[in-house]
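Each chain is listed here by its residues.
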Amino acid sequence: MKPDPEPWYSTTLNVWTLAGVLVASWTLVKTITEGWRRTIGRRRYLTTRLRKIAPRVRHDYVESLLGAPKWQSTMECTRLTAAEPEEADDKDRKVEITVRTWPLSRLGYLVTWSEEDVVVMYGITTTSWWFRPRILIDQTQIRLGKTVFAVLNDIGEHRAWLGNRRFGYLESHYFGNPGGYRWWYVGVNDIGYNAVPLSLDWFDDEDDSLTRLLPDRRDAYRASAPINTVVVSSTALYEELQDGSFFGISLGVDQDLVRLADPEFHVLDSRISRGQRRIREWRWRLNYRRWEKKQRVLQDR
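A look at the overall build of the protein chain
Regarding its fold elements, the protein chain presents seven helices and ten strands. By the burial criterion, 40% of the 301 residues in the protein chain qualify as buried. Long-range pairs, those at least 24 residues apart, make up 62% of the contacts in the protein chain between residues at least 6 apart in sequence. Carbon and sulfur atoms make up 52% of the accessible area of the protein chain, which totals about 18,800 Å².

Focus on the nonpolar core
Ranked by size, the top nonpolar core spans 39 residues in total, and within it Leu50, Ile53, Leu66, Leu110, Tyr221, Ile227 and Val230 carry the most contacts. At the level of secondary structure, the elements contributing two or more residues to this core comprise α2 (42-50), α3 (59-66), β4 (118-126), β5 (134-137), β8 (167-174), β9 (183-189) and β10 (229-233). The residues contacting Val230, other than those within four sequence positions of it, are Tyr122, Gly123, Ile124, Ile135, Ile142, Leu144, Trp184, Tyr185 and Val186. Grouped together as the second largest cluster of nonpolar side chains are 22 residues, Trp161, Leu170, Leu241 and Val258 included.

Topic: helix α7 (residues 271-300)
Taking 1.5 Å of rise per residue, the 30 residues of α7 would be expected to cover 44 Å, and the 44 Å separating its terminal C-alpha atoms lies within 8% of that figure. Along α7, the residues classified as buried are Ser273, Trp291 and Gln295.

Some remarks on the pairing of strand β3 (residues 108-115)
For β3, the buried fraction is high: eight of the eight residues fall into the buried class. Side chains Gly108, Leu110, Thr112 and Ser114 of β3 all project onto a buried face; the interleaved residues Tyr109, Val111, Trp113 and Glu115 project onto the opposite face, where all are buried too. The sheet contact formed by strand β2 (residues 94-103) and β3 spans six bridges and is antiparallel. Along β3, the bridge assignment pairs Arg100 with Thr112. Two strands pair when backbone bridges link them, and β3 and β4 are joined in this way by eight bridges, in the antiparallel orientation. Residue pairing for β4: Glu115 is matched across the bridge by Val118. Between β3 and the antiparallel strand that follows it, β4, lie two residues; Glu116 among them carries a positive phi value of about 55°.

A word on the packing of helix α4 (residues 215-224) against α7
Look at α4 against α7: their axes get within 11 Å of each other, and the N-to-C directions meet at 135°. Taken together, the axes of α4 and α7 lie oblique to each other. Helix-helix and strand crossings are classified by hand; for α4 and α7 the assignment is right-handed. Where α4 approaches α7, its residues Arg217, Ala220 and Ser224 are matched on the opposing element by Lys294, Gln295, Leu298 and Gln299. For the contact of α4 with α7, the class distribution of residues is two nonpolar, three polar and two charged.

Quick notes on α4
Turning to α4, its buried residues are Arg218, Tyr221, Arg222 and Ser224. Against β7 (158-162), β8, β9 and α7 lie the buried residues of α4.

Observations concerning the pattern of salt bridges
As enumerated under the stated definition, the model contains eleven salt bridges in all. A salt bridge links Arg166 to Asp190, with the shortest nitrogen-to-oxygen separation between them at 2.4 Å. You can see Arg166 sitting in the loop between β7 and β8 and its partner Asp190 sitting in the loop between β9 and α4, a full 24 residues away along the chain. Accessibility expressed as a relative area gives 13% for Asp190, which makes it buried. Between Asp256 and Arg166 there is a salt bridge whose closest N-O contact spans 2.9 Å. Residue Asp256 is located in helix α6 (residues 255-258), and its partner Arg166 is located in the loop between β7 and β8; the two are separated by 90 residues in the primary sequence. On the basis of relative accessible area, Asp256 is assigned to the partly exposed category, the value being 32%.

What to know about a positive patch on the surface
A cluster of basic residues, Arg43, Arg44, Arg51, Arg134 and Lys146, forms a positive patch on the protein surface. By the secondary structure assignment, Arg134 is in strand β5. Classification of Arg134 by relative accessible area gives exposed; the value is 54%.

Focus on the packing of aromatic side chains
Two aromatic rings are characterised by how far apart their centres lie and by the angle between their planes. Going through the model one piece at a time under the given rule, you end up with eleven aromatic pairs. Aromatic side chains Tyr185 and Phe247 sit 5.4 Å apart centroid to centroid with 65° between the ring planes, which places their arrangement in the edge-to-face category. With Tyr185 in strand β9 and Phe247 in the loop between α5 (239-243) and α6, this residue pair connects regions lying 62 residues apart in the sequence. When its relative accessible area of 5% is taken as the criterion, Tyr185 is described as buried. According to the relative accessible area criterion, Phe247 is buried, its value standing at 11%. When the ring of Trp202 is compared with that of Tyr221, the centres are 5.9 Å apart and the planes differ by 65°; the resulting orientation is edge-to-face. Highlighted residues: Trp202 in the loop between β9 and α4 and Tyr221 in helix α4, separated in sequence by 19 residues. Here Tyr221 falls in the buried class, since its relative accessible area comes to 1%. Ring pairing ties together the aromatic residues Trp113, Tyr174, Trp183, Tyr185, Tyr238, Phe246 and Phe247, which thus form one cluster.

Thresholds, definitions, all that
- Residues numbered from 1 in each chain as written.
- Predicted model: local features only at pLDDT ≥ 70, side-chain atom pairs only at ≥ 80, totals over all residues.
- Heavy atoms only, no water.
- Helix = DSSP H or I, 4+ residues; strand = E, 2+ residues; numbered from the N terminus.
- Buried < 20%, exposed > 50% of the residue type's maximum accessible area, 1.4 Å probe, protein only.
- Contact = heavy atoms within 4.5 Å.
- Areas by Shrake-Rupley, 256 points an atom, 1.4 Å probe, with all protein chains shown as cover.
- Core = buried A, V, L, I, M, F, W, Y, C linked by side-chain atoms within 4.5 Å.
- Expected span 1.5 Å × (residues − 1).
- Pairing = 2+ DSSP bridges.
- Axes fitted to C-alpha atoms, helices over the stretch in contact; angles between N-to-C directions.
- Parallel < 35°, antiparallel > 145°, perpendicular 65-115°, else oblique.
- Left-handed = near helix turned anticlockwise from the far one by under 90°.
- Nonpolar A, V, L, I, M, F, W, Y, C, P; charged D, E, K, R; others polar.
- Salt bridge = Lys/Arg side-chain N within 4 Å of Asp/Glu carboxyl O.
- Patch = residues over 30% accessible without salt bridge, like charges linked within 9 Å, V, L, I, M, F, W, Y side chains within 5 Å.
- Lys, Arg positive; Asp, Glu negative; His and termini not counted.
- Charge placed at Lys NZ, Arg CZ, Asp CG, Glu CD.
- Phe/Tyr/Trp six-rings, centres within 6.5 Å; stacked < 30°, edge-to-face > 60°.

So, to be careful, I would describe these as geometric facts and stop short of saying anything about function.
Structure below.
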């Protein structure tokens, strides 16, 4: 009898070859996925995670989606009602709020306000023309950085401010049960994309707080200024939300807090940083000229 021929394959060699192919395939897929998330797919990647955030979720859950926040601070607020109103005084209504800020890959910022590690409200600000997420406010869909205030019904509650270099505008909307008993604060953040500045003669001199605009000027502003920031709250829990002092001079992300991380404020300079700074300055001048042209057209009418 003739002996069996030697097999043309080696079982050990094939196992190691298969393992090498699997490792190489997994590494390739991971590299492509990470590259997609950091380039053309980062907008969709961030939008998918932001859709999972809602009021009353745990802070740890938000951190699992976006990683650790880059900035964190605290503020003191006053509850509207105490836990035990019969025995509680004003001190019992004081509560510490933790404010956390995430940069969204230079496309925008996410800010959360947490009480005992529970997110009571969160805000999104877009800073790029490439990041204009769709947001549903009750039955109206808007796009940050593009949709103007006029598409929303005028509730009447608004606040505006104008300083030497800072400006902003916000208005609140509440829809009851159809809106999930949530408050929506929409506005213009001066660090956000397509931020339309205000003018000093638009303010109502009869308003003691100097935060309200004249009716005709406000209507013109709502018709031309796009919304670049949205803050969502479950309920108006604090007195500061009612008197308008909760957000200070910035709805959402605070420019004075995050601007030191921009390239123009870096200690170590580079040609890329200088180029980015020139591009931002050119875009700001272009947007401002467009805004001035719109205002001249509205005044001529």
